[in-house]
Amino acid sequence: QVQLVESGGGSVQAGGSLRLSCVASTSVFNIYTMEWYRQAPRKQRELVASIGSADSTNYADFVKGRFTISRDNAKRMVYLQMNSLKAEDTAVYYCNAKIGITLRGSWGQGTQVTVSS
């Protein structure tokens, strides 16, 4: 399984921005679709955004126009730029790696994002 380490979370006020980073422990990072998930207290983990091996992107409706996912294959990194943050974006954010419909990464510790209104 691919090991993943997330970073970049923090506490911001509503309307602020954060940039999350995730590094993957694989020499074939470029073949994976990379995804960001989040889990708020007492809620199920949900998919936030994904980026394919050819840089195609998809976003959950609740972040469209505010979040941008990107990747750097040479650094084995995936990023999530989060703008116009809302209180409801408060959650632990995780990344994962996927091939087809199968997740191939181990869930890491995630990174906490707290948005105060």
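Look up: the structure comes first, before these words.
Per chain, residues are indexed from 1 in the order of the written sequence. Given that this is a predicted model, residues contribute local features only at a pLDDT of at least 70 and side-chain atom pairs are listed and counted only at 80 or more, while totals for whole chains, interfaces and linings are drawn from all residues. In computing side-chain properties, one takes all heavy atoms of the structure into account and sets aside hydrogens as well as water.

Structural notes on the state of the cysteines
Here, the term disulfide refers to a pair of cysteine sulfur atoms separated by no more than 2.5 Å. Under the counting rule described, the total for this entry stands at 1 disulfide. Between C22 and C95 runs a disulfide, and the two sulfur atoms are separated by 1.8 Å. The chirality of the disulfide connecting C22 with C95 is right-handed, given an S-S dihedral of about 55°. Taken as a pair, C22 in strand 3 (residues 18-24) and C95 in strand 9 (residues 91-99) lie far apart in primary sequence, 73 residues in all. Burial classes follow relative accessibility: with a 1.4 Å probe on protein chains only, a residue under 20% of its type's maximum area counts as buried, one over 50% as exposed, and anything between as partly exposed. By relative accessible area, which is 0% here, C95 ends up buried. Secondary structure elements are defined from DSSP: runs of H or I of at least 4 residues count as helices, runs of E of at least 2 residues count as strands, and each element is numbered from the N terminus.

Considering the side chain of T111
Summarising the element assignment, T111 is placed in strand 11 (residues 111-116). On the accessibility criterion, T111 (8% relative accessible area) is buried. Two N or O atoms form a polar contact when they lie within 3.5 Å of each other; inside protein one atom must be a possible hydrogen donor and the other a possible acceptor, and for residues adjacent in sequence the pair counts only when both atoms belong to side chains. Side-chain polar atoms of T111 contact the backbone nitrogen of G9, separated by 2.9 Å.

Overview of unusual backbone geometry
The backbone of D55 shows a phi angle near 70°, a positive value even though the residue is not glycine. Inspection of the secondary structure puts D55 in the loop between strand 5 (46-51) and strand 6 (57-59). D55 gets classed as partly exposed once you look at its relative accessible area, which sits at 46%. Unlike most non-glycine residues, S84 shows phi in positive territory, near 50°. By the element assignment, S84 lies in the loop between strand 8 (77-82) and strand 9. The class of S84 is partly exposed, set by a relative accessible area of 41%.

A word on the sheet that holds strand 3
Taken together, the 4 strands give an open sheet; going across it, the order is 1-3-8-7, and neighbouring strands pair in antiparallel fashion. Of all strands in the sheet, those with a lone pairing partner are strand 1 (4-7) and strand 7 (67-72), marking the two edges. If you compare each strand with its neighbour and ignore which way they point, the axes differ by 15° on average. Pairing between strands is defined by DSSP: at least two bridges between them are needed. Summarising the sheet, strand 7 and strand 8 pair through 6 bridges and their orientation is antiparallel. In the strand pairing of strand 8, D72 is matched with M77. Note on geometry: axes are lines fitted to C-alpha atoms, helical ones only across the stretch in contact, with angles between N-to-C directions running from 0 to 180 degrees.

Quick word on the environment of G65
With respect to the secondary-structure elements, G65 resides in the loop between strand 6 and strand 7. Taking the relative accessible area as the measure of exposure, G65 reaches 84% and is therefore exposed. Separated by 18 residues in sequence, G65 and N83 have C-alpha atoms that sit 8.7 Å apart.

Comments concerning the pattern of salt bridges
A pairing counts as a salt bridge when a side-chain nitrogen of Lys or Arg comes within 4 Å of a carboxyl oxygen of Asp or Glu. Considering all chains together, one arrives at 5 salt bridges under this definition. E35 serves as the salt-bridge partner of K98, at 3.1 Å between the closest nitrogen and oxygen. One end of the pair, K98, is in strand 9; the other, E35, is in strand 4 (residues 33-39), and 63 residues separate them in sequence. The residues K98 and E35 share a single accessibility class, namely buried. Note that K64 and D61 form a salt bridge whose closest N and O atoms lie 3.2 Å from each other. For the pair K64 and D61, a shared accessibility class is recorded, and that class is exposed. Each of R38, E46, R66 and D89 takes part in a single network of salt bridges with overlapping partners.

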